[in-house]
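Descriptive analysis of the structure
Here is how the chains run, residue by residue.
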Amino acid sequence: MLSVVRGYTFLECSQLTNVYLPNVTELMIYAFGRSGLTQADFPKATTVGQSCFSGCGNLQSAILPSAQTLSESAFYNCSNLLSVNIPNVTSTGPYALERCVNLEEVGVLENLQIIGDATFRNCNKINEFVAPKLTSVGNGGFSITNNLTPSLTKIDAPNLKEIGSQCFMGQSYLKTV
C-alpha cells in the first residue's frame with residue numbers, strides 16, 4: 001500500500017491529470033511539480049512538501065482534508081486553482097499558495113494558527129477569510145501586486161496577535177479585520 005510519494009516522483013508528468021491516492025500520508029518535495037494535474041485528492045495526507053504542486057498550471061481542485069502542514073511554495077503559481085480543501089491545516093510555509101490568482105475557496109480553516117510570509121500573495125479572488133485560531137500572519141501574507149484587482153473584504157480571525165509588514169498591501173476592498 002502506497003503511503004509516501006517521494007520527491008520529484010511525478011515532476012513534469014504533463015499527461016497526468018487526475019490523482020486519487022487514498023492511503024498516502026506524505027507528499028514530498030516537488031512530488032507533482034509542473035505536472036498536468038487538474039484534480040488532486042489525498043484524503044489521508046498530513047504533510048504537503050515543499051513545492052509539491054508548484055507550477056501545476058492546470059490544477060483546479062486540491063482535496064487534502066487531513067493535511068496539517070503546507071510547506072513552502074506547496075501550491076506556488078497554480079494559476080487555475082479554484083478551490084483547496086485544507087480544513088485541518090495548522091500552518092503554512094512561505095509562498096504556500098502565492099500566485100494562485102483564481103483561488104476563490106479555501107473554506108473555514110478551523111485549525112490554522114500560522115500563515116507564513118506571502119502565503120496568499122496575489123490570491124486576488126478570495127472574498128472572505130475565516131480562521132478562528134489564527135494568531136500570526138507573515139510579511140505580505142495577503143498582499144496584492146502586479147496590478148491585480150483585489151476582492152478580499154473580510155478577515156475573521158478573532159485570535160490574531162501578529163501581522164507582518166505589507167500583510168494587506170493592495171487590499172483596497174478590505175473592510176473588516
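Described in the following lines is the structure provided in the data block. (Residues numbered from 1 in each chain as written. Predicted model: local features only at pLDDT ≥ 70, side-chain atom pairs only at ≥ 80, totals over all residues. Heavy atoms only, no water.)

1. Observations regarding the pattern of salt bridges
Our working definition: Within this document, salt bridges are pairs made up of a side-chain nitrogen of Lys or Arg and a carboxyl oxygen of Asp or Glu, the two lying within 4 Å of each other. The helix count covers DSSP runs of H or I at least four residues long, the strand count covers runs of E at least two residues long, and both are numbered beginning at the N terminus. Burial here depends on accessible area, computed with a 1.4 Å probe over protein chains only, as a share of the maximum for the residue type. Under 20% is buried, over 50% is exposed, and the range in between is partly exposed.
Throughout the structure, instances matching the rule amount to 2 salt bridges. Put simply, Glu12 and Arg34 hold a salt bridge, and the shortest N to O gap is 2.7 Å. Here Glu12 is found in the loop between strand E1 (4-5) and strand E2 (18-20), whereas its partner Arg34 is found in the loop between strand E3 (26-27) and strand E4 (39-41), with 22 residues between them in sequence. On the basis of relative accessible area, Arg34 is assigned to the partly exposed category, the value being 41%. Across the pair Arg121 and Glu98 runs a salt bridge whose closest N-O atoms are separated by 3.3 Å. Taken together, the residues Arg121 in the loop between strand E10 (114-115) and strand E11 (128-130) and Glu98 in the loop between strand E9 (91-92) and E10 connect sequence positions 23 residues apart.

2. A short note on the sheet that holds E2
Formally: Strand pairing requires that DSSP identify at least two bridges connecting the strands. Axis definition: a line fitted to C-alpha atoms, limited for helices to the stretch in contact. Angles are taken between N-to-C directions and run from 0 to 180 degrees.
In space, the 4 strands of this open sheet follow the order E2-E4-E6-E8, with parallel pairing throughout. Looking at strand neighbours, the two that pair on one side only are E2 and strand E8 (83-85), the edges of this open sheet. On average, each strand axis in the sheet is inclined to that of its neighbour by 5°, with strand direction left out of account. As paired elements, E4 and strand E6 (residues 61-63) share 3 bridges and run parallel to each other. Note on E6: the bridge partner recorded for Gln39 is Ser61.

3. Some words on the packing of aromatic side chains
Heads up, the rule is: Pairing of aromatic rings covers Phe, Tyr and the six-membered ring of Trp, with a centre-to-centre limit of 6.5 Å; geometry is then stacked below 30 degrees between planes, edge-to-face above 60, and tilted otherwise.
All told, the structure shown has 10 aromatic pairs when counted by the stated rule. Between the aromatic rings of Phe32 and Phe53, the centroid separation amounts to 5.6 Å while the plane-to-plane angle is 10°, which identifies the pairing as stacked. Pair noted here: Phe32 is in the loop between E3 and E4 and Phe53 is in the loop between strand E5 (47-48) and E6, with a separation of 21 residues, a long-range link. Judged by relative accessible area, Phe32 falls into the buried class, the value being 0%. An angle of 75° between the planes, with centres 4.9 Å apart, marks the rings of Phe129 and Phe142 as edge-to-face. Separated by 13 residues along the polypeptide, Phe129 in strand E11 and Phe142 in the loop between strand E12 (136-137) and strand E13 (154-156) bring together distant segments of the chain. Phe129 gets classed as buried once you look at its relative accessible area, which sits at 0%. Among the aromatic side chains, those forming a connected cluster through ring pairs are Phe10, Phe32, Phe42, Phe53 and Phe75.

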